Amino acid sequence: MHKDNHALWKALNSFVHPLSILAILLLLINDHWLRYAYPSWLTGKLGDFTWLLFAPFILAILLSFIVPHTIKQRSTLIGELSIIAIGVWFATAKTIPTMHGLTKDVLALIVGYRGTLRMDITDLLTLPALLISWHIWRTASTSSVNLKPLAYIAFGLAILGTLASDDEGYYYTAIETICERQDGTLITQYQTGYANYQTYISDDAGATWDYTFQLYTDVPLSETDAYETFRCSDRYDTTAIHPIDDSIQYRWVRDAYVEKSADGGATWQLLHDLPHLDQDVREYGSQYPYDDYGSLEADYRPSPVSGIVHSETGTLILAMSTEGVMRFRDGSVYYTRVGMFYIDDLQATQFLQEALGVQYFLLPTLWFLIMVTVVSLVHAQLLLTRLWLCLGWLNWVFLVINAHLVFSLWEDIHMLWGIVALGSLVFIAIPMVIWVAYHLLSSYQPVAGRFVKIISITALLASLAYAFPLLLWTQGTVPRYYMTAIFSLLLVACVLASCYAHFRSQLPERYVIEKRKAKPKHE
């Protein structure tokens, strides 16, 4: 970073402003807990308000590298452009359908998830947060940030707080359509093989579903003689109308929310904020990578895939792909299991243990790497030793980002990850630990306590930084593992940089002596 880039330092100083830090923490608490545990008008507005407060600083960082340095009053211009651009984008994304769709498409392109952004003109009430942003920008210093890693951590947490269609070419399907027969019973079906179908019937408006081996086990519903008498949902629709009272209508945005209208679509009321049903943590926790080829599972479709209103009871029944069926009845929401498909409990101990199983190897590896790095800073002078250490870190980063390959149903893929992990253990981890233990006992025994202190504190803080995004992922508030892994790595890097800056002067004397001996050679 160039020291003359005053706009960049102004943006970073704005990030570490107490109000910005408070806004980032509130957004994390709101969007990763309150919005799910206590959904209300307040939690929706609080999320928008806190995000608007620090979002201009993210844009300002980007503009500080783009806007030419020859422009007069460059810092002021970048601040104004950032605040105005965020305000205009937010207002249009909340009120104009084209901009709303474009925003969700861009988000899906970047993080693989379309998000839960809703068009709601009342959200414009949160725009005054930009006035606070302008106040912070005006008062922020243009000098370099003394605690630079703090700014980077704030940036990472800010992005974390801010946080598709599937291919049809598969033989294994989930709950995608629901049909109502003339007698009022409901029927659905999913495919478990090339010519094998599982059919389920409900005679209580979708409350329970019973498997029937007498109907349509070798033919899809759409090819049966009775299909013309069925009233079925269409997986390409995003609306459902009451078959008797057409003034009652429902509509939904997949993986986002469901709304209801009681006046024929003139006005709409939020019925339910959908959780992130396509969380890959559920997929990873429920799959068994060593199953044979015949146990392939269905791909997830953004849900609700389709929906139908039961003619007798007026119950809205939504087909939720691998999550089974969701029903709306008398203002309440119910999830119902259909065969092998149901919504997993993200708080189940056994479920989380399976989803996080790989981390039990990766987290201790981080501790060993920190230990070796600290000792290497003092002792290692050979280039090959440092290259060896760099190889260990690069290998660990690769394993973290690709840890989800362990859950692949294709044996060659998860075996490849296992081979890389085993190679790291045999050729890097174990030899490095032996190397460290030897030098601690032979050369640094008198100052071993100082080493232990530095290593312990650094390892603890780095572990917390590594585990925090993973914790959010297991609770369903971060949609994709690879994004979680990237955030974990960024936060770990910030913590390591902070600890190095703090503990560098406390390293054992040999580090200082070597530096002093090197000076006369350059004189």
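Right above here is the structure, for reference.
Now for a description of the structure that goes with this document.

About the criteria used
Residues numbered from 1 in each chain as written. Predicted model: local features only at pLDDT ≥ 70, side-chain atom pairs only at ≥ 80, totals over all residues. Heavy atoms only, no water. Disulfide = S-S within 2.5 Å. Helix = DSSP H or I, 4+ residues; strand = E, 2+ residues; numbered from the N terminus. Buried < 20%, exposed > 50% of the residue type's maximum accessible area, 1.4 Å probe, protein only. Phe/Tyr/Trp six-rings, centres within 6.5 Å; stacked < 30°, edge-to-face > 60°. Salt bridge = Lys/Arg side-chain N within 4 Å of Asp/Glu carboxyl O.

1. So, the state of the cysteines
In the structure shown here, the tally under the stated rule is one disulfide. Here Cys179 connects covalently by a disulfide to Cys232, the sulfurs 1.9 Å from one another. Disulfide Cys179-Cys232: the torsion about the S-S bond is 110°, which places it as right-handed. Of the two residues, Cys179 sits in strand S1 (residues 179-180) while Cys232 sits in strand S5 (residues 231-232), which places them 53 residues apart along the sequence. Under the relative-accessibility criterion, Cys232 is labelled partly exposed at 27%.

2. Let's talk about the packing of aromatic side chains
A complete count under the given rule lists ten aromatic pairs for this structure. Between Phe15 and Phe57 the ring centres are 6.1 Å apart and the planes differ by 70°, which places this aromatic pair in the edge-to-face class. Within this pair, whereas Phe15 is found in helix H1 (residues 6-15), its partner Phe57 is found in helix H3 (residues 41-63), the two being separated by 42 residues in sequence. There is no split in this pair, since Phe15 and Phe57 are both buried. Note on Phe57 and Trp137: the rings are 6.4 Å apart at their centroids and 15° apart in plane angle, and the pair reads as stacked.

3. What to know about unusual backbone geometry
A positive phi angle, near 50°, is found at Gln73, a position not held by glycine. Unusually for a residue other than glycine, Ser321 sits at a positive phi of about 55°. Assignment of secondary structure puts Ser321 in the loop between strand S11 (316-319) and strand S12 (325-329).

4. Examining the pattern of salt bridges
Using the criterion set out here, one finds seven salt bridges in the structure. The shortest N-O distance in the salt bridge between Arg231 and Glu180 comes to 2.3 Å. In this pair, Arg231 is assigned in strand S5 and Glu180 in strand S1, connecting sequence segments 51 residues apart. By sharing partners, the salt bridges in this structure join Lys45, Asp48, Lys94 and Asp123 into a single network.

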